[in-house]
Amino acid sequence: MAGVVSRTKLGSQGLEVSAQGLGCMGMSAFYGPPKPESDMIELIRHAVNSGVTFLDTSDIYGPYTNELLLGKGLKGIREKAELATKFGISFVEGKREIRGEPAYVRAACEASLKRLDVDCIDLYYQHRVDTRIPIEITMGELKKLVEEGKIKYVGLSEASDSTIRRAHAVHPITAVQLEWSLWSRDVEQEIVPTCRELGIGIVAYSPLGRGFFSSGAKLLEQMSDNDFRRSLPRFQPENLENNKRIYELVNEMAEKKGCTPSQLALAWVHHQGNDVCPIPGTTKIENLNQNIGALSVKLSPEEMAELEAYASADVVKGERYDPTFLAHSWMHANTPSLASWKSD
């Protein structure tokens, strides 16, 4: 299995990653209880040895425990991996805060380096945009961290097109992380074209619709009571009853093509272009191997259009997040101008 995954250039600053990455969040947080550490270390090492070398984490996953896990998993094989982590979300007295002030950026980076047990982070994202602080201020500190060799490349997650442009003017953005899958396609209108215009790579998170395209409505039966997905609008009974038809149609096409529905949905993301790297998450080696198989699934323009029709915006019921989380998504991620901020 070693090295079966092709490589791709992410952005135009020189970062090269595996054509498919691995989202590590579910190993430690949000999708039910943390998984056994030894199993997850085995999975991380299997991924890297299989050529899935682009690993995605964040300080908020756990919080902190996922970074510690990655640090252990990469012990002795750090040079084989491209490591991405994020800052910008913190919980203060149980309340979620989005932060981008320079002192916080620096402290968060230093803490992540320590937990990951590395000298340098390959790709460092602002996880959510702090709408109280001009993006130029946050980027100024990230630029310093690049100059100091603590991070190699800078990314943004869930950022609006204007925020991306303003940030990129301060220091080149290498990648923008966004939710992109068959049933989450609103980024195609403004965000994706902006990234392509500026030569910024695109990292697609939740490319399997948070597991929906792996098992459809049955997914709910497999979730633990404290799984974050239970609160998402698309998984509410009234919406799921409608949305399960989407999975059934994808499954029918997958059977005809001799692949699984998750491979088909993942292949659709891969067919968006060489500048797009999906990072499906999993906690099982067999699922990782299956996800790698998606790279071999070929889709014609007609098949792409048919898949898109199954999950068009008017067909999918429910938002991708609840209102609290949507308030911090790219649609609302505009920051004050530098001029107005200085005059306050």
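See above for the structure.
Everything quoted here is computed from the prediction, not taken from an experiment. (Residues numbered from 1 in each chain as written. Predicted model: local features only at pLDDT ≥ 70, side-chain atom pairs only at ≥ 80, totals over all residues. Heavy atoms only, no water.)

Draft legend 1. Local environment of the packing of aromatic side chains. For the coordinates displayed, the defined rule picks out ten aromatic pairs. On the numbers, 6.4 Å between centres and 85° between planes, the contact of tryptophan 180 with tryptophan 268 is edge-to-face. Taken together, the residues span a long stretch of sequence, with tryptophan 180 in the loop between β10 (173-179) and α6 (191-198) and tryptophan 268 in helix α10 (residues 261-270) at a distance of 88 residues. In textbook terms, an aromatic cluster arises when at least three aromatic residues are bridged by ring pairs, as seen for Trp183, Phe212, Phe213, Phe235 and Tyr247. (Phe/Tyr/Trp six-rings, centres within 6.5 Å; stacked < 30°, edge-to-face > 60°. Helix = DSSP H or I, 4+ residues; strand = E, 2+ residues; numbered from the N terminus.)

Draft legend 2. Spotlight on the pairing of strand β5 (residues 82-87). Of all six residues making up β5, six are buried, and the element is well covered by its neighbours. Direction of pairing for strand β4 (residues 54-56) relative to β5: parallel, over a ladder of three bridges. In the strand pairing of β5, phenylalanine 54 is matched with glutamate 82. In terms of handedness, the path from β4 via helix α2 (residues 65-73) over to β5 forms a crossover that is right-handed. With four bridges joining them, β5 and strand β8 (residues 121-126) adopt parallel strand pairing. Bridged to phenylalanine 87 within β8 is glutamine 126. (Buried < 20%, exposed > 50% of the residue type's maximum accessible area, 1.4 Å probe, protein only. Pairing = 2+ DSSP bridges. Right-handed = clockwise from strand over helix to strand, strands pointing away.)

Draft legend 3. Geometry of the pattern of salt bridges. As enumerated under the stated definition, the model contains 29 salt bridges in all. With its nearest N and O atoms 3.4 Å apart, the salt bridge here joins glutamate 148 to lysine 150. Assessed through its relative accessible area of 41%, glutamate 148 is described here as partly exposed. Arginine 185 is paired through a salt bridge with glutamate 188; the nearest N and O atoms lie 2.9 Å apart. Residue classification places arginine 185 among the partly exposed residues on the basis of a relative accessible area of 24%. Because the salt bridges share partners, they merge into one network encompassing Arg106, Glu110, Glu141, Lys144, Glu148 and Lys150. (Salt bridge = Lys/Arg side-chain N within 4 Å of Asp/Glu carboxyl O.)

Shape descriptors only; they carry no functional weight alone.
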